[in-house]
Amino acid sequence: MSLLMRNRAALLLLMFNIFLVFTGIGLVIPIMPTYMNELHIGGSVLGLMVAAFSISQLIFSPYSGRLSDRIGRKKLIITGMLVFAVSEWLFAIAYSPTLLFVSRAIGGLGAALIMPSVMAYAADITSDEERGSAMGFINAAITTGFIIGPGIGGLLAEYGIRVPFYAAAIAGLVAAIATLLLLPESLSPERRAALTTSHAQGDSLIRQLLQSYRKPYFLSLIIVFVASFGLANYETVFSLFVDHKFGFTAKDIAIIITFGSIAGAVVQATIFGWMINRFGGQKLIIVCLIASALFIVLTLLVHTYFLIFVVTFAVFLAMDILRPAIGTQLSQQAGHEQGYVAGLNSAYTSLGNIAGPIVAGALFDWDVNYPYMMAAIVLTLCFLLSLRVKPQAPNRNAVNSGTAESN
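Residues numbered from 1 in each chain as written. Predicted model: local features only at pLDDT ≥ 70, side-chain atom pairs only at ≥ 80, totals over all residues. Heavy atoms only, no water.

- Looking at an unreviewed UniProt entry, one finds the protein chain named MFS transporter and attributed to Paenibacillus wenxiniae.
- Entered under Sequence similarities (unreviewed entry) in the UniProt record, the comment concerning the protein chain runs "Belongs to the major facilitator superfamily. TCR/Tet family." (UniProt positions renumbered as here; feature names shortened; annotations may be inferred.)

Here it is, written out as C-alpha cells:
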C-alpha cells in the first residue's frame, strides 16, 4: 500500500486506463449471444474473431515495447487509449461479421500500444522488491475490469444493445485526455537515448521472435505462450460451455465470473506482492498451472451448480495469480530491457491467444467437452515445462527511476 501512496497519481491513472480497456473487453460477455444470433455466428467464427484481436496485438506489441523505450511510455498510452475508443465505436456500429473483425483487430492494436507501455511504466517507477506489488495492482485493475464489464454491459444494454460500446468509446476518449493532462513521463530524455542506442534498430517482428531464443528468459516466454494457449482455450468458450451443457442463464454466468474475478482482484491488490516475495515467481507459476489443469478436468466431471461454481471459481483464481506471476518473473529477468521484454511478453501472449480461441471454437463445434480437455492437457504440459526453469534472483542492477519525471 505504501507503493500505491508514494506513486499514487501515476499508478492510479495506469490502473484506470487498464481497467477501462478490460471493462470494454468484458462488455461483450453478456451481449455476445445476441450478436451471434443476429449475425448467425458459430463457435468457429467466434474463435476467429477473438483471435483477430490477438493477431493484431501480436504484430504490433514488439514494436510498441521498443517504441516506448525510444519515445517514452506516456505517448504510447495516450495513443492506445484513442485507438481503443475507435475500436469500441466500430463495434457499436457493426452490423456484419466483417466489421466486428475489423473492430477487434483495431482493439488489438490499442492493446499492443497500451499493455507493454503500462507494464514498463510500472517497472520504471518501482524497485525490484516493489515490482510484484506494482504488477499486482495493475493486474487487479485488469481483473476488476472483467468483473465490472459484464455487469455494465448488461445494465447499459437495457437502453440498447449497442449503448455499452458507445459508452466505452466515450470513456476511452476521456481517459486519453486525462492521461495527457495528468500522467508524467517516467523516462528522462537521457534514459530514452540510452535505451535507444542499446537496442538493435529496425528489427522485424519475425526477427525479434526468432532472436528471442538467445535470451536468458526464453523458456519463460515459452511458458507464457503455452499458458496463454490453454487459458484462452478455456475462457473463449466458457459461457457457451455452461450454456449448452448445463443451461446456465446469463445471470448464472455473471455470478460465477464476478465472484471468481473478485477473489482474484482481492488477492492481486492485497497479498500478491507478499506471495511473490515469500514463495518466488516460479513456485507460484508451478502451483497455478497444475491447479488450473486439475480444476478444468473437474469442470468436466461435476454436474451440480454449486460444484460447477466451486471449480470454475478455483480456475479463475489460479489464472488471476498466474498472469502477474509470469509478468513479474519476466520483469525481474529483463534488466534494462523493460519495454522490449514487455513487448515480447505481449507478443508471446498473443500467439497463445491466437491459437487458443481458434482451436477452442473448432473443438466446441465438434464436441462441447473437447476445448476443456485440450486446455487441461496443454496446461499440464506447461506445468512440466515450468519445472525446468531455474529460479532467478531479481536483478539488483536494473535501473529504475524511482519517481516519475515531469513531461
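On we go from here.
### Focus on the overall build of the protein chain
Working step 1: The helix and strand tally for the protein chain stands at 18 helices and 0 strands.
Working step 2: Among the 407 residues that make up the protein chain, the fraction classed as buried is 56%.
Working step 3: Here the analysis covers contacts within the protein chain between residues at least 6 apart in sequence; of these, 87% occur between residues at least 24 apart.
Working step 4: For the protein chain, the accessible area works out to roughly 16400 Å², and carbon and sulfur atoms hold 70% of it. (Helix = DSSP H or I, 4+ residues; strand = E, 2+ residues; numbered from the N terminus. Buried < 20%, exposed > 50% of the residue type's maximum accessible area, 1.4 Å probe, protein only. Contact = heavy atoms within 4.5 Å. Areas by Shrake-Rupley, 256 points an atom, 1.4 Å probe, with all protein chains shown as cover.)

### What to know about the pattern of salt bridges
Working step 1: Considering all chains together, one arrives at 1 salt bridge under this definition.
Working step 2: Where Arg104 meets Glu88, a salt bridge forms, and the shortest distance between an N and an O atom there is 3.5 Å. Here the residue Arg104 occupies a position in helix α6 (residues 97–124), and Glu88 occupies one in helix α5 (residues 73–93), the gap between them amounting to 16 residues. In this pair, the class of Arg104 matches that of Glu88, namely buried. (Salt bridge = Lys/Arg side-chain N within 4 Å of Asp/Glu carboxyl O.)

### A short note on the environment of Met275
Working step 1: Secondary-structure assignment places Met275 in helix α14 (residues 272–279).
Working step 2: Contacts of Met275, omitting those with residues within four sequence positions, involve Val267, Gly280, Leu284 and Ile321.

### Description of the packing of helix α11 (residues 218–236) against helix α18 (residues 370–386)
Working step 1: Between α11 and α18, whose axes approach to 8 Å, the crossing angle comes to 160°. The orientation of α11 with respect to α18, classified from their angle, is roughly antiparallel. In terms of crossing hand, the pair formed by α11 and α18 is left-handed. Across from Leu219, Ile222, Ile223, Val226, Ala227, Phe229, Gly230, Leu231, Asn233 and Tyr234 in α11, the residues of α18 making contact are Pro371, Tyr372, Met374, Ala375, Val378, Leu379, Cys382, Leu385 and Ser386.
Working step 2: For the contact of α11 with α18, the per-class residue count stands at 16 nonpolar, 3 polar and no charged. (Axes fitted to C-alpha atoms, helices over the stretch in contact; angles between N-to-C directions. Parallel < 35°, antiparallel > 145°, perpendicular 65-115°, else oblique. Left-handed = near helix turned anticlockwise from the far one by under 90°. Nonpolar A, V, L, I, M, F, W, Y, C, P; charged D, E, K, R; others polar.)

### Thoughts on the packing of aromatic side chains
Aromatic ring pairs are described here by two measures, namely the spacing of the ring centres and the angle between the planes.
Working step 1: Following the criterion strictly, the structure yields 5 aromatic pairs and no others.
Working step 2: An angle of 25° between the planes, with centres 6.1 Å apart, marks the rings of Phe309 and Phe313 as stacked. Of the two residues, Phe309 and Phe313 both sit in helix α16 (residues 305–334), 4 residues apart, roughly one turn of that helix.
Working step 3: According to the relative accessible area criterion, Phe313 is partly exposed, its value standing at 27%.
Working step 4: The side chain of Arg162 reaches across the aromatic face of Tyr95, ending 3.7 Å from its centre. (Phe/Tyr/Trp six-rings, centres within 6.5 Å; stacked < 30°, edge-to-face > 60°. Lys NZ or Arg CZ within 6 Å of the ring centre and 35° of its normal.)

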